[in-house]
Protein chains: 2
Amino acid sequence: MPVNLSAPTPDSLHPVPGVRLGCTEAGIRKANRRDLTLIELAPGSRVAGVFTQNRFCAAPVQVCKKHLASGSIRALVINTGVANAGTGEPGLAASNTSCAAVAKLLGCDAAQVLPFSTGVIMEPLPVERIEAGLPACQAALKADGWFEAAHAIMTTDTLAKGASRKIGGGGTAITVTGISKGAGMIKPNMATMLGFVATDAAISQALLERLVEEVADESFNCITVDGDTSTNDSFVLIATGRAGNVEIADAGSPAYAELRAAVTAVAQRLAQAIVRDGEGATKFIEIAVAGGATKAECKAVGYAIAHSPLVKTAFFASDPNLGRILGAIGNAWGNDPALRDLDVTAVKLWLGDVLVSENGGRAASYKEEDGARVMEPAEITIRVDLGRGPAQGKVWTCDFSYDYVKINADYRS
Amino acid sequence: MPVNLSAPTPDSLHPVPGVRLGCTEAGIRKANRRDLTLIELAPGSRVAGVFTQNRFCAAPVQVCKKHLASGSIRALVINTGVANAGTGEPGLAASNTSCAAVAKLLGCDAAQVLPFSTGVIMEPLPVERIEAGLPACQAALKADGWFEAAHAIMTTDTLAKGASRKIGGGGTAITVTGISKGAGMIKPNMATMLGFVATDAAISQALLERLVEEVADESFNCITVDGDTSTNDSFVLIATGRAGNVEIADAGSPAYAELRAAVTAVAQRLAQAIVRDGEGATKFIEIAVAGGATKAECKAVGYAIAHSPLVKTAFFASDPNLGRILGAIGNAWGNDPALRDLDVTAVKLWLGDVLVSENGGRAASYKEEDGARVMEPAEITIRVDLGRGPAQGKVWTCDFSYDYVKINADYRS
């Protein structure tokens, strides 16, 4: 049961001029489900992306990076069922073949196509099924295909994930629409996080590349379900330039700030949707860490809490087991050695609005019933003040339930 | 159900001359269970220890470190039920009070007493119950008290943990006996890992301090249940010097090598017992990593595999989900940045005796039924060759089951 999440309605995902999407049932791993998506971009579109840092990065990720470096992208092709990761040279060849097949259909170069795969790792990609399915995707291409595409890229997701915003753009209407998938690993594994956001804004390539990094840092790089970073994680930002605005080329301009806010809002919604739909999740937890010397150490503390199985199971039980949270904070130096000298007597910890710990121990004002009260709702905020600097950082995660074990012990069967 | 583990028999834990142990029911948190243990050491005994690196280290750990620095230790006092961690200044005062109470009974200084606590974090230690219980512990002191003490230090452990060895000592018989507890956090949290090993060998203080580090590195520092390092983890090595051997003072001597082997064997057995009794464990998994540039990076890979919830749930399901293991290896640079340049095409991976991955993908010789066969037994070895150096390292862990969630979601109720 996703936590406070509903699927987008078809009407809520606004078309982005210059982007058309089409899906089909290619039978890649299972029959009777749409598992192949083609996204066609108008000529002149600009694309930037951020990708998994897993050393075993999947073949399509390697191909994406290469093609992004070489220039003007005209299409994205996305399959579910098989991740094409841990597949060596044959996997690279399969990804290149699928790009070539798209290029032949659309009349562009293979290097202008970005491939994405998600599903089981170390299984060979049945690229001939992709080749066979692509004409149907092409025939289905339409500007309002976001809703269907949001469904076609799902794996263990229980709900489709999409979001959309319209902004004034200094007098020119600009649209931002995106879809994402993922449930099992943000920092995910088999479920893989994929995020695709498009806007019709005109923006310089240099600034688009900066924007994708900045947005990722405030959205997809704030979430974790189980701490396992996928081999396939990808977040791609597309700007078709069709809105008619003056090209945004100055990072200090109001136009950039407005666009960044809109893209960040869409990406945060998509990213949080992945956590809300996290495998077995019954709680959505925001961990807001302030008072750090750096943002990195704030995030290190956030991830230490978010990854502790003992903290996550306590949240599943709605148990204000404060010691487990303190223990996780005390271990965070493993994520960032700068925290080795953390002075725990300066640390303050809140559950919701309740101060639960200060001076290295339980807060004098803390009552167990207050802790129990704030642990009940499906959405909980943990706040930490490290008391050693001006920086802050946020992490979103979910709890750890019987169903997480069930889903992941059963997944391949 | 512990994995291939049985409790020690009373006869199997040989007395160590110079050490007496006594337990009682002090009612610290629950009635009708022995929860307080006193270990008395003969004058002239030497003691060395290694402790948790959690920044929120418990009050007794802080006191232990201080007292070890100040000199000749005469007693250890261990309570279960309450960890006296995250308790601030009052916690320190409580630990000091319990040391003073022991000192008064035994006629020594409070600084000659080491305190240990394990149990719930952030609850105040009812030190008056320790004071009240200590005379009964003193009355119960006996040389063959190891078996009872092994039981009295248990928390969520399902079986007592003890091991013993006798060695020749170059003509002089030397005994090594130890007990441990822990089930939920090695790298544990509430369950806390405690290990106490004593020998009657005579060994210099400097070499004893080296020995405790070397042994910990090959035993307690190789294990993980859930990656959560406790606030209270402690491993203490005692040498009473009563065996009559020539004092061991040379790290290059055969006598040191023989003693080190015996202490390591006892400590490994105690450490592995904690994993075998890991909360909800159904499998015991050895992860042997070779071919690393450093031992640290081998252990980083081992811990990345051991901490992946996706790997652990796959082992629970006896599912040879190879991609999850490769994914964890690819993420190990998060534990050791030196692995950022890991060449995954040089990595080889075995499950048991089956080569499952090489050249960045599935091994050509791999058959799914071979993988399924080696995943069935309760003890499984994962071998990784990083193909980039001469170093090796080992990690022992267990799987992740429904019962882990159940135990940790229910713990405080």
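Residues numbered from 1 in each chain as written. Chains lettered and ligands numbered in written order. Predicted model: local features only at pLDDT ≥ 70, side-chain atom pairs only at ≥ 80, totals over all residues. Heavy atoms only, no water.

1. A word on the sheet that holds strand β8 (residues 194–199) of chain B
All names here are of chain B.
Stage number 1. With mixed pairing, five strands are arranged side by side in an open sheet as β3-β9-β8-β7-β6. Lying at the two open borders of the sheet, with one neighbouring strand each, are β3 (46–51) and β6 (161–167). Taken over all neighbouring pairs, the strand axes of this sheet differ in orientation by 10° on average, direction set aside.
Stage number 2. Relative to strand β9 (residues 234–239), β8 runs parallel, the two being bridged by six bridges. Within β9, the residue paired with F196 across the bridge is V236.
Stage number 3. Lying on the sheet, helix α1 (residues 59–70) is in contact with β3 and β9; it crosses β3 at an angle near 140°. (Pairing = 2+ DSSP bridges. Helix = DSSP H or I, 4+ residues; strand = E, 2+ residues; numbered from the N terminus. Axes fitted to C-alpha atoms, helices over the stretch in contact; angles between N-to-C directions. Contact = heavy atoms within 4.5 Å.)

2. Describing the nonpolar core
Stage number 1. Formed by 76 residues in total, the largest nonpolar core has its most connected members in I305, I329, I382 and V384 of chain A together with L76 and F116 of chain B.
Stage number 2. The greatest single-element share of this core, amounting to seven residues, is contributed by helix α7 (residues 295–307) of chain A.
Stage number 3. For V384 of chain A, the contacting residues outside a window of four places in its chain are A288, V289, A290, V301, I305, I329, V347, K348 and L349 of chain A.
Stage number 4. Listed in part, the 74 residues of the second largest apolar core include I329, L349, Y366 and M375 of chain B. (Core = buried A, V, L, I, M, F, W, Y, C linked by side-chain atoms within 4.5 Å. Buried < 20%, exposed > 50% of the residue type's maximum accessible area, 1.4 Å probe, protein only.)

3. Observations concerning the domain arrangement of chain A
Residue and element names in this part refer to chain A.
Stage number 1. For chain A, the domain assignment lists domain 1 (10–276) and domain 2 (284–410).
Stage number 2. The straight-line distance from the C-alpha centre of domain 1 to that of domain 2 is 32 Å.
Stage number 3. Taken together, the contacts link 15 residues of domain 1 with 14 residues of domain 2.
Stage number 4. On the surface where domain 1 and domain 2 come into contact, there are four salt bridges.
Stage number 5. The shortest N-O distance in the salt bridge between R276 and E379 comes to 2.4 Å.
Stage number 6. Run the count over domain 1 and domain 2 and you get seven residue pairs in polar contact (both at pLDDT 80 or more).
Stage number 7. Those elements that place two or more of their residues in the side of domain 1 that touches domain 2 are α5 (205–218), β9 (223–224) and α6 (254–276).
Stage number 8. Broken down by element, the side of domain 1 that touches domain 2 gets its largest block of residues, four residues, from α6.
Stage number 9. Of the residues that constitute the side of domain 1 that touches domain 2, the class distribution is four nonpolar, six polar and five charged. (Domains from an automatic or database assignment. Salt bridge = Lys/Arg side-chain N within 4 Å of Asp/Glu carboxyl O. Polar contact = N/O pair within 3.5 Å; in protein donor to acceptor, adjacent residues only side chain to side chain. Nonpolar A, V, L, I, M, F, W, Y, C, P; charged D, E, K, R; others polar.)

4. With respect to the relation of the copies chain A and chain B
Stage number 1. The operation relating chain A to chain B is a screw motion whose rotation component is 180°, with 0.0 Å of axial translation and a residual RMSD of 0.0 Å. When the rotation and shift are considered jointly, the pair of chain copies conforms to a two-fold rotation axis. Closest to the rotation axis within chain A is the C-alpha of Y402 of chain A, separated from it by 2.8 Å.
Stage number 2. Both copies contact each other with a shared surface, as 100% of the interface residues of chain A are interface residues in chain B too. (Least-squares fit on C-alpha atoms with pLDDT ≥ 70 in both.)

5. Observations regarding the sheet that holds strand β12 (residues 354–358) of chain B
Residue and element names in this part refer to chain B.
Stage number 1. The strand order β13-β12-β11-β14-β10-β15 describes an open sheet built from six strands, whose pairing is mixed. Each of the sheet's edge strands pairs with one partner strand only, and the pair in question is β13 (361–362) and β15 (391–398).
Stage number 2. Packing against the sheet, helix α10 (residues 368–375) makes contact with β11 (348–351), β12 and β14 (379–385), and its axis sits at approximately 120° to β12.

6. Remarks on the UniProt feature "binding site: substrate" (unreviewed entry) in chain A
All names here are of chain A.
Stage number 1. The UniProt entry lists T155, K181, T192, E279, N408 and S413 under the feature "binding site: substrate" (unreviewed entry), expressed in the numbering used here.
Stage number 2. Tracing the sequence through the fold places E279 in the loop between α6 and β11 (284–292).
Stage number 3. For E279, a relative accessible area of 4% corresponds to the buried category. (UniProt positions renumbered as here; feature names shortened; annotations may be inferred.)

7. Points about the layout of surface pockets
Stage number 1. By volume, the second largest pocket is sized at about 390 Å³.
Stage number 2. Looking at the second largest pocket, it is lined by 23 residues, and the ones nearest its centre are V344 and T345 of chain A together with R55, C57 and Q62 of chain B.
Stage number 3. Within the residue set of the lining of the second largest pocket, elements represented by two or more residues are α1 and α2 (88–106) of chain B.
Stage number 4. Class assignment for the residues of the lining of the second largest pocket results in eight nonpolar, ten polar and five charged. (1 Å grid on protein atoms, 1.4 Å probe; cavity = no way out; pocket = protein on both sides within 12 Å on 5 of 7 lines; lining within 4 Å. Points joined across faces, edges and corners; volume = space filled by probe spheres on them.)

8. Details of the environment of S12 of chain A
Residue and element names in this part refer to chain A.
Stage number 1. The residue S12 is located in the segment before β1 (19–24) in this model.
Stage number 2. C-alpha separation for the pair S12 and K181, spaced 169 residues apart in sequence, amounts to 17 Å.
Stage number 3. Within polar-contact distance, the side chain of S12 engages the backbone oxygen of T9 at 2.7 Å.

9. Overview of the packing of helix α2 (residues 88–106) of chain A against helix α3 (residues 127–140) of chain A
Residues and elements named next belong to chain A.
Stage number 1. Between α2 and α3, whose axes approach to 10 Å, the crossing angle comes to 25°. As judged from the angle between their axes, α2 and α3 are roughly parallel. Crossing geometry of α2 relative to α3 is assigned as right-handed. Residues A94, T97, S98, A101, V102, L105 and L106 of α2 pack against V127, I130, E131, L134, P135 and Q138 of α3.
Stage number 2. Considered class by class, the residues forming the contact of α2 with α3 number nine nonpolar, three polar and one charged. (Parallel < 35°, antiparallel > 145°, perpendicular 65-115°, else oblique. Left-handed = near helix turned anticlockwise from the far one by under 90°.)

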